[in-house]
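Residue strings, one per chain:
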Amino acid sequence: MKRNDLVIELGGDLGQPLFLRLAASILGEIERGRIKPGDTLPGTRVLAHNLKLHRNTVAAAFHELIMQGWLVAEPSRGTRVAPDLPALGKLRGKTRAAARAETPPPEPRPVFSLSDGIPDSRIMPVNELARAFRRALAGPVRFAKGYADPRGTRALRQALTGYLSQERGLAASSEELMVTRGSQMAIYLAAAIIGPGQKIAVEEPGYPQAWAAFRAVGAQVVGVPVDAQGIDIERLEEILRHERDVKALYVTPHHQYPSTVTLGAGRRLRLLEIARRYRLTVIEDDYDHEYRFEGRPVLPLASRADGDVSVVYIGSLSKVLSPAVRLGYAVANTDVISRMVCLRDAIDRRGDMPFEEAMAELIGDGTLARHARKARRIYEARRNLLVDGLRRQLGSAVDFDVPSGGLAIWVRLSPGQPAGAWAASARCAGLPISFGSAYVLDPANAPDAFRIGFARLTDEEIRDLVRMLAACRPKGG
């Protein structure tokens, strides 16, 4: 089949998002043998034109099938059907339900749990948190009447605003802050107030969970390239000149996700000026601000923005303590916070009052700040161990910038080192590793790179990780 000859009838459940319907249609053609293993698919632009769909819809469908293993993306060859699939034409005549009922081969059991950047729960101040929680349960919250303030308890909001003022130069009142169940809820609420049908510009490569939240509220996602200095400001402005209906911009300027680079002062100022000129709402996700190993942490965009720029600043205590601690927050002007609160009140009328009171105590008595300092020392040592191992055992096969902070390293592969094949080999050995195609809107833009989280790994686990990664390197690469 020629690359651009593919014609697909869009089927599926009409109640599903378009990208899932397209993914189901492509999968159906693979299962009945019309599209064969190794066949190259049309590019997203061509297929979008043929099907009269938005290019992002096609890219999202490709991304879904890549994550399921049906497609592979290779920078030099485009997107094609996974060549290692069996000949599926024999499924013709069977129902798709019967085809899917066949038992798939079991997934290899991971040797150890690998993340792309989450903290080590084993070092969190468990005893201090437990004592504070017991005190909160015995206190006034036990006798609270009715539902709590959907913005969060006053004690925690006041503690957080004091903490953010001291640590991040963020001048905000407790009325300009709301507590959420993790930063993902804050991202979703920030997107929801922008409105369905609007466009949100995002970094590419970037954070797929944020894109999922934006799509869930009916927004369209527009990718802006990222280079070695962070989001490409020139390209952003070019996009805004041609797409006037972009209403918001989502950025991770402190440690760009996934590349870990820090947006420099010049680009920060230009970004705020562009946001002012085009009246953009800036959603700033400062997900791991506490972890800066060299120099002082860079202050958030929100600390520099004036009243002419609307910034929704999002942070998380989960990255400080543990993924099990679902506690995030958003800071914005009172109008924005009020609108976010109204949406939150419809789905979650009260947070966890005792837990919020306990966290307020840990912030107020300095426990959280002391834990963050301890965690920084531990994570810096683990970063250095991983850097040393990668250099010694992988040498010229990889390249990376040692991150000045954060919980992961973005490892770029040298030419001739295909990330997909390397990751597949690692997965078979029990090492699940995230690579470039997981972080892009268009698989054709997937960089040959890995994001390797080191924070939750012990020293021995880091050594094992590097040994396994070296052993799984594709032959001839």
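Before any of the text, the structure's been laid out above.
If you're wondering where the values come from, they're calculated on a predicted model, not measured in any experiment.

In this section: the overall build of the chain. The number of helices and strands found in the chain is 16 helices and 14 strands. When the 477 residues of the chain are sorted by exposure, 52% land in the buried category. Once local pairs closer than 6 in sequence are excluded, the contacts in the chain between residues at least 24 apart make up 72%. Per element, the accessible surface of the chain, about 21300 Å² overall, is 51% carbon and sulfur.

Note the cis peptide between E204 and P205, where omega equals 5 degrees. Summarising the element assignment, P205 is placed in the loop between β4 (199–204) and α8 (208–216). Residue P258 follows Y257 across a cis peptide bond; omega there is 10 degrees. Within the secondary structure, P258 sits in the loop between β7 (246–251) and α10 (265–278). With a phi angle near 60 degrees, K52 is a residue other than glycine that sits in the positive phi range. Mapping K52 onto the fold places it in the loop between α2 (44–51) and α3 (55–68).

This next bit is on the environment of I8. With respect to the helices, strands and loops of the structure, I8 is situated in the segment before α1 (18–31). Sequence separation between I8 and L47 is 39 residues, and the spatial gap between their C-alpha atoms is 9.1 Å.

Viewed as axis vectors pointing N to C, helix α7 (residues 183–192) and helix α12 (residues 334–347) meet at an angle of 115 degrees, and their least axial separation amounts to 9 Å. One way to sum up the angle between α7 and α12 is to call them roughly perpendicular. Regarding α7 and α12, the two cross each other, and that crossing is right-handed. Residues M185, A186, L189, A190 and A192 of α7 form the contact with α12, whose own contacting residues are M340, L343 and R344. For the contact of α7 with α12, a count of residues per class yields 7 nonpolar, no polar and 1 charged.

Counting 85 residues, the largest nonpolar core has L271, M359, Y379, L386, W422, F450 and L469 as the members making the most contacts within it. At 8 residues, helix α14 (residues 367–394) tops the list of elements feeding residues into this core. Once residues within four sequence positions are removed from consideration, Y379 is found in contact with P119, D120, I123, Y291, F293, L407, F454 and A455. Counting 30 residues, the second largest nonpolar core, distinct from the first, contains A190, I194, I283 and V341.

Moving on, we come to the sheet that holds strand β3 (residues 177–180). In space, the 8 strands of this open sheet follow the order β3-β10-β9-β8-β7-β4-β5-β6, with mixed pairing throughout. Every interior strand has two partners, whereas the edge strands, β3 and β6 (230–231), have only one. The pairing of β3 with strand β10 (residues 328–331) spans 4 bridges and is antiparallel. By the bridge assignment, M178 is partnered in β10 with A330. The strands touched by helix α9 (residues 233–242) are β4, β5 (220–227), β6 and β7; relative to β5, the strand with the most contacts, the crossing angle is about 155 degrees.

Side-chain alternation along β10 places G328 and A330 on one buried face and Y329 and V331 on a second face that is also buried. With 4 bridges joining them, strand β9 (residues 310–316) and β10 adopt antiparallel strand pairing. The residue bridging S316 from the neighbouring strand is G328, located in β10.

This model, assessed by the stated rule, comprises 32 salt bridges. Between R157 and D149 there is a salt bridge; the shortest N-O distance is 3.5 Å. Look at R157 and you get buried, because its relative accessible area is 1%. The residue R392 makes a salt bridge to D388 at a minimum N-O spacing of 2.9 Å. Placement of the pair is R392 and D388 together in helix α14, with a separation of 4 residues, close to one helical turn. The network of salt bridges with shared partners includes E234, E237, R270, E273, R276, R277 and D306.

Quick notes on the rules
- Residues numbered from 1 in each chain as written.
- Predicted model: local features only at pLDDT ≥ 70, side-chain atom pairs only at ≥ 80, totals over all residues.
- Heavy atoms only, no water.
- Helix = DSSP H or I, 4+ residues; strand = E, 2+ residues; numbered from the N terminus.
- Buried < 20%, exposed > 50% of the residue type's maximum accessible area, 1.4 Å probe, protein only.
- Contact = heavy atoms within 4.5 Å.
- Areas by Shrake-Rupley, 256 points an atom, 1.4 Å probe, with all protein chains shown as cover.
- Axes fitted to C-alpha atoms, helices over the stretch in contact; angles between N-to-C directions.
- Parallel < 35°, antiparallel > 145°, perpendicular 65-115°, else oblique.
- Left-handed = near helix turned anticlockwise from the far one by under 90°.
- Nonpolar A, V, L, I, M, F, W, Y, C, P; charged D, E, K, R; others polar.
- Core = buried A, V, L, I, M, F, W, Y, C linked by side-chain atoms within 4.5 Å.
- Pairing = 2+ DSSP bridges.
- Salt bridge = Lys/Arg side-chain N within 4 Å of Asp/Glu carboxyl O.

These values are about where atoms sit, not about what they do.
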